[in-house]
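# Reading the structure
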Amino acid sequence: MNEKRKTRAISLLSGGLDSLLAICVLREQGVSVTGLTFTTPFFGSKHAEAAAVQLDCEVMILDITDEHLEMLKRPPHGYGKCMNPCIDCHAMMIEKAGEIAKRDGYDVVATGEVLGERPMSQNRQSLDTVAKDSGCADILLRPLSAKLLEPTRPEIEGLVDRERLLDIQGRSRKPQMELAKKYGIKSYVQPAGGCLLTDPAFSARLKELLDHNPGAVADDVRMLRLGRHFRLKSGAKVVVGRNEKENDALTERVGENGILITSDITPGPVVYLMDSAAGSDVDMAARICASYADNGGNEIDMELSMNGERSRIRSTPVTRDEFVEFRI
Ligand code: SF4
């Protein structure tokens, strides 16, 4: 007797409740589901991996750092409240899933998107835009809202039973909470949880970086997660480590033409001066370092290192009022 082949779906998995539920809904009707998650400097795969363990589901992890950063510099559909280009980000992720589906023979690309749940990125028009831009609209299924959307190819061809899909819409999370109970889902992250692009303070730093350096690369962006940042009048950037871990990270990252300043006071900050070797910038960076080293306003001896060459400098702290205007 010929056994019917199992329908195979690849489903975006962020670790948020909706993404877990989409997988559960499909599995309930016998679809074999593989999760797909992404990493960039702005979000990682930690929550998705935990969710995959909880669901006992295979998960693929894809690093999309470079493409995502290029899109982020000029997202065709703009940003949300912060620097989050959610429509284009979703479209990119779904496009990737579509490419994998084509390559590996998946029948369905699924997401946990819910019609009307988020005003900007999940209204009907945005869902249509995402589907169109992803290039795989024909096999893109949103199991949680499918009954409110046009039938997709897997539904029309009977690979997925549309009747067993859902019609959730709107911002109330009540139906999702009930489903979480039904499927025994105990932990998940909040929507957009863990995405730095929805963090106002990080977004301000990122915007400043991209305005100042439109050609910024992934390492420049990763640096934004470390320390206190200052932009001097000359355009040079000063990053001050806030603790030992950040000091170590700054020391490791110092690149060609970067200057590392370490005070003789311990514990004290490590300061990284980027984009400048001008004497006045070195002087100001050293004085900022002295200020955070906190030696009661007295002069401090410091070591400068650049391209492996070391030298000594003595600096007087600046008052915080003198450099607060440089803070990013
Ligand atoms: S919240 Fe972050 S990860 Fe999620 S779609 Fe928006 S930009 Fe992408």
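See the structure shown above.
Residues numbered from 1 in each chain as written. Predicted model: local features only at pLDDT ≥ 70, side-chain atom pairs only at ≥ 80, totals over all residues.

## With respect to the pairing of strand β2 (residues 32-39)
Test applied: The exposure scheme places C-beta atoms from the backbone and then counts, for each residue, the other C-beta atoms within 10 Å of its own, assigning buried at 20 or more, exposed at 12 or fewer, and partly exposed in between. Each helix is a run of DSSP H or I of at least 4 residues and each strand a run of E of at least 2, with the numbering of both proceeding from the N terminus. With the strands aimed away from the viewer, a crossover counts as right-handed if its path from the first strand over the helix to the second runs clockwise.
Within β2, 6 of the 8 residues are buried, which leaves it mostly tucked inside the rest of the structure. Note on the crossover from strand β1 (residues 8-12) through helix α1 (residues 17-28) to β2: the handedness is right-handed. For the handedness criterion, the β-α-β arrangement of β2, helix α2 (residues 46-55) and strand β3 (residues 59-63) is classed as right-handed.

## Some details on the sheet that holds strand β8 (residues 259-263)
This is how it is decided: One bridge is not enough; two strands pair if DSSP finds at least two bridges between them. To obtain each axis, a line is fitted to C-alpha atoms, and for helices this fit is confined to the stretch in contact; angles are then taken between N-to-C directions over 0 to 180 degrees.
If you trace the 6 strands from one edge of the open sheet to the other, you get β6-β7-β9-β8-β10-β11, paired in antiparallel fashion. With partners counted over all chains shown, the strands left at the sheet margins are β6 (228-231) and β11 (309-315), one partner each. Strand-to-strand twist of the sheet, defined as the mean angle between neighbouring strand axes without regard to direction, takes the value 20 degrees. Here β8 runs beside strand β10 (residues 300-306); their pairing, made up of 4 bridges, is antiparallel. Across the sheet, residue Leu260 finds its bridge partner in β10, namely Ser305.

## A closer look at the sheet that holds strand β4 (residues 108-110)
Short version of the rule: Here, residues touch in the contact sense if the C-beta positions derived from the backbone fall within 7 Å of one another.
With parallel pairing, the 5 strands of this open sheet are ordered in space as β3-β2-β1-β4-β5. Every other strand in the sheet has two partners, leaving β3 and β5 (140-141) as the edge strands with one partner each. Pairing between β2 and β3: 5 bridges, direction parallel. What sits directly across from Phe38, in β3, is Leu62. Along the sheet, helix α4 (residues 86-104) contacts β1, β2, β3, β4 and β5; its crossing angle with β1, the most-contacted strand, is approximately 160 degrees.

## Points about the nonpolar core
Just so we agree on the cut-off: Note on definitions: a nonpolar core is a set of buried residues drawn from Ala, Val, Leu, Ile, Met, Phe, Trp, Tyr and Cys, linked by C-beta atoms within 7 Å.
Grouped together as the largest cluster of nonpolar side chains are 48 residues, with contacts concentrated most on Ala9, Leu26, Ile94, Ala97, Val108 and Val109. Put simply, the parts of the chain that give this core at least two residues each are β1, α1, β2, α2, α4, β4, α5 (124-134) and β5. Ranked by residues supplied to this core, first place goes to α4 with 9 residues. Once residues lying within four places of it in the same chain are set aside, the contact partners of Val108 are Thr7, Ala9, Ile139, Leu141, Pro154, Leu159 and Val160. Formed by 34 residues, the second largest nonpolar core is a distinct cluster that contains Leu224, Val239, Leu260 and Ile300.

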